[in-house]
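Each chain, letter by letter, is given below.
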Amino acid sequence: DGVTDGDEVRLGTDPLTADTSFTTEESGDELSDLNPLTIDVSAVTDAEGAGTLIVEQLVSTDSPALSPGSLGYLAPAYSLTSDGSLEEATITFTYDPSLAQHNESFLPAIYWYDADEGELVEVPDQIRTENTVTAKVTHFSEYGLFDKDIIDKYRAKWMIPTREQYETDENGDGIPDIVAQWLND
């Protein structure tokens with residue numbers, strides 16, 4: 001399967017069985033006063049990615065969307081990379097409850113940074129429990145936990161549509177519904 005016997009033993013797989021995918025788990029730093037957010041990642045990759053998952057906190061970034069002071073920013077984001085191809089990863093952010101104190105309507109959500117579009121994109125199907133948010137993803141990227149309530153309020157106030165709103169064309173006329181709505185208002 002392309003993975004050395006030693007790596008297979010370290011990963012907990014059988015060196016005598018040819019596997020097509022491998023699960024690697026990595027965690028960020030522990031929660032602390034200086035680190036109000038941590039991440040746990042369980043990634044299923046191909047053989048080239050076996051054991052090569054890198055989870056790196058972005059201390060400084062060229063992206064304004066991931067920087068302190070950006071809309072809904074809570075704490076530094078994380079970059080997820082590997083030498084191989086990702087089949088699926090489960091990301092769990094655990095946050096200090098003090099992050100919720102700034103907003104009564106606090107709604108933590110995982111977003112990924114789309115560098116081509118220069119925007120944050122909300123990851124679908126998130127599960128929120130006490131002080132954690134979990135979601136499954138299918139690509140490596142930069143991921144962060146943001147206050148969805150603040151982002152949604154800003155987008156509504158300034159009428160900044162989401163990518164999904166731009167792509168929705170219910171009547172099939174070739175004009176996104178959000179644009180048709182603006183034209184009719």
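Residues numbered from 1 in each chain as written. Predicted model: local features only at pLDDT ≥ 70, side-chain atom pairs only at ≥ 80, totals over all residues. Heavy atoms only, no water.

So, the environment of Leu99
Examined against the element boundaries, Leu99 turns out to sit in the loop between strand E5 (86-95) and strand E6 (108-114). Every residue in contact with Leu99, bar those within four places of it in the chain, is listed here: Pro36, Leu74 and Phe106. (Helix = DSSP H or I, 4+ residues; strand = E, 2+ residues; numbered from the N terminus. Contact = heavy atoms within 4.5 Å.)

Things to note about the nonpolar core
One broad trend across soluble globular proteins is that nonpolar side chains are buried collectively. Grouped together as the largest cluster of nonpolar side chains are 25 residues, with contacts concentrated most on Ile91, Phe93, Ile110, Tyr143 and Leu145. Of all the secondary structure elements, the ones that give two or more residues to this core are strand E2 (37-45), strand E4 (78-81), E5, E6, strand E9 (132-137) and strand E10 (142-147). By residue number, the principal contributor to this core is E5, which donates 5 residues. Residues in contact with Ile91, not counting those within four places in the same chain, are Ile39, Asp40, Leu80, Ile110, Val133, Thr134, Ala135, Val137 and Tyr143. Counting residues in each nonpolar core, the second largest holds 10 residues, with Ala65, Tyr111, Leu120 and Phe146 among its members. (Core = buried A, V, L, I, M, F, W, Y, C linked by side-chain atoms within 4.5 Å. Buried < 20%, exposed > 50% of the residue type's maximum accessible area, 1.4 Å probe, protein only.)

Observations regarding the pairing of E4
Strand direction decides the pairing type here: strand E3 (residues 54-57) and E4, joined by 4 bridges, are antiparallel. Note that in E4 the partner of Val55 across the bridge is Leu80. Relative to E10, E4 runs antiparallel, the two being bridged by 2 bridges. When the sheet's bridge partners are listed, Ser79 is paired in E10 with Glu142. (Pairing = 2+ DSSP bridges.)

Quick word on the sheet that holds E3
Spatially, E3-E4-E10-E6-E7 is the arrangement adopted by the 5 strands of the open sheet, whose pairing is antiparallel. Each end of this open sheet is capped by a strand with a single partner; those strands are E3 and strand E7 (119-122). Across the sheet, the mean angle separating the axes of adjacent strands is 35 degrees when strand polarity is ignored. Sheet analysis places E6 next to E10, joined by 5 bridges and oriented antiparallel. Considered in E10, the bridge of Ile110 is made with Leu145. Where helix H2 (residues 148-157) meets the sheet, it contacts E6, E7 and E10, and its direction lies at approximately 80 degrees from that of E10. (Axes fitted to C-alpha atoms, helices over the stretch in contact; angles between N-to-C directions.)

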